[in-house]
Amino acid sequence: EAQVTQNPRYLITVTGKKLTVTCSQNMNHEYMSWYRQDPGLGLRQIYYSMNVEVTDKGDVPEGYKVSRKEKRNFPLILESPSPNQTSLYFCASSLSGSTIGEQFFGPGTRLTVL
Amino acid sequence: AQSVTQLGSHVSVSEGALVLLRCNYSSSVPPYLFWYVQYPNQGLQLLLKYTTGATLVKGINGFEAEFKKSETSFHLTKPSAHMSDAAEYFCAVSESDSWGKLQFGAGTQVVVTP
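Caption draft 1: Molecular detail of the environment of B:Ser9. Residues and elements named next belong to chain B. Assignment of secondary structure puts Ser9 in the loop between strand S1 (3-7) and strand S2 (10-14). Classification of Ser9 by relative accessible area gives partly exposed; the value is 48%. Along the primary structure Ser9 and Thr108 are separated by 99 residues, whereas in three dimensions their C-alpha atoms are 4.4 Å apart.

Caption draft 2: Inspection of the pattern of salt bridges at higher detail. All names here are of chain A. Across all of its chains, the model carries seven salt bridges over all chains by this definition. Between Asp38 and Arg36 there is a salt bridge, with its nearest N and O atoms 2.8 Å apart. Residue Asp38 pairs with Arg44 through a salt bridge whose shortest N-O separation is 2.8 Å. Overall, Asp38 belongs to the buried group, its relative accessible area being 12%.

Caption draft 3: Just the interface of chain B and chain A, in detail. At the junction of the two partners, chain B supplies 19 residues and chain A supplies 23 residues. With both chains or domains summed, chain B and chain A bury close to 1,700 Å², and 55% of this area falls on carbon and sulfur atoms. The tally of links from chain B across to chain A stands at one salt bridge. A:Glu102 is the partner of B:Lys49 in a salt bridge, and the nearest nitrogen-oxygen pair spans 2.5 Å. At the junction of chain B and chain A, the tally comes to three residue pairs in polar contact (both at pLDDT 80 or more). Counting residues per element, the ones that place at least two in the side of chain B that touches chain A are strand S4 (31-38), strand S5 (44-50), strand S9 (87-95) and strand S10 (103-104) of chain B. Across the side of chain B that touches chain A, the residue classes tally to nine nonpolar, seven polar and three charged.

Caption draft 4: Region of interest: the sheet that holds strand S7 (residues 65-66) of chain A. Residue and element names in this part refer to chain A. Taken together, the four strands give an open sheet; going across it, the order is S1-S3-S8-S7, and neighbouring strands pair in antiparallel fashion. Either end of the sheet is taken by a strand with one partner, and the two such strands are strand S1 (4-7) and S7. Across four bridges, the pairing between S1 and strand S3 (residues 19-25) is antiparallel. Residue pairing in the sheet places Asn7 in a bridge with Thr22 of S3.

Caption draft 5: Region of the structure containing the packing of aromatic side chains. Residue and element names in this part refer to chain B. Taken as a whole and judged by the stated rule, the model has 11 aromatic pairs over all chains. Between Phe90 and Phe104 the ring centres are 6.4 Å apart and the planes differ by 85°, which places this aromatic pair in the edge-to-face class. Here Phe104 lies in strand S10 and Phe90 lies in strand S9, a separation of 14 residues in the sequence. For Phe90, a relative accessible area of 1% gives the class buried.

Thresholds applied
- Residues numbered from 1 in each chain as written.
- Chains lettered and ligands numbered in written order.
- Predicted model: local features only at pLDDT ≥ 70, side-chain atom pairs only at ≥ 80, totals over all residues.
- Heavy atoms only, no water.
- Helix = DSSP H or I, 4+ residues; strand = E, 2+ residues; numbered from the N terminus.
- Buried < 20%, exposed > 50% of the residue type's maximum accessible area, 1.4 Å probe, protein only.
- Salt bridge = Lys/Arg side-chain N within 4 Å of Asp/Glu carboxyl O.
- Contact = heavy atoms within 4.5 Å.
- Buried area = accessible area lost by both parts, 1.4 Å probe.
- Polar contact = N/O pair within 3.5 Å; in protein donor to acceptor, adjacent residues only side chain to side chain.
- Nonpolar A, V, L, I, M, F, W, Y, C, P; charged D, E, K, R; others polar.
- Pairing = 2+ DSSP bridges.
- Phe/Tyr/Trp six-rings, centres within 6.5 Å; stacked < 30°, edge-to-face > 60°.

This is the structure:
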């Protein structure tokens, strides 16, 4: 089954404790992206990757890191989480950057930073 | 740079009535436009898209949208609302000269009343 998986689905942590949210897709997609969703703000793009070893900033990259060492995986790293990073995070993938609108979304990761 | 404005954060519609969700965009180049739906506790699902060609596009679940360049709009409609249409809807835009970036509106929550 074609899908985007994220782990963990729920996470409660404390300020400053490094964490990684994993994202994996099984569709051989070139393009992957991370978004955060906050009430009244819709989804905002954090980082995206056009292919292996190619990443770029979205609209709200501060406080986040990503890497794309393999085509299927695109982890999101919070080196020192802060309460303003409490949010619902979505990973998404599409065949390429030119088909960005036709993204497959993961189920989401709800992060709470205390 | 592109941006998206969705008019109305909440819309209440009676079952069987017309659903109309408004989306206006700004873009310095021809835009690609999309509508997504998010059901409770799920990721986003693509409803329909406009890239080029016919300005009236049909999507899944009986939804359609019309691209009006002169009005910079891409409103979503459905002739007859069903209870299962209760969800949050997001309009999004990408630009053909900035592959990788996708800008979402703030979302419109649709409530369907019997």
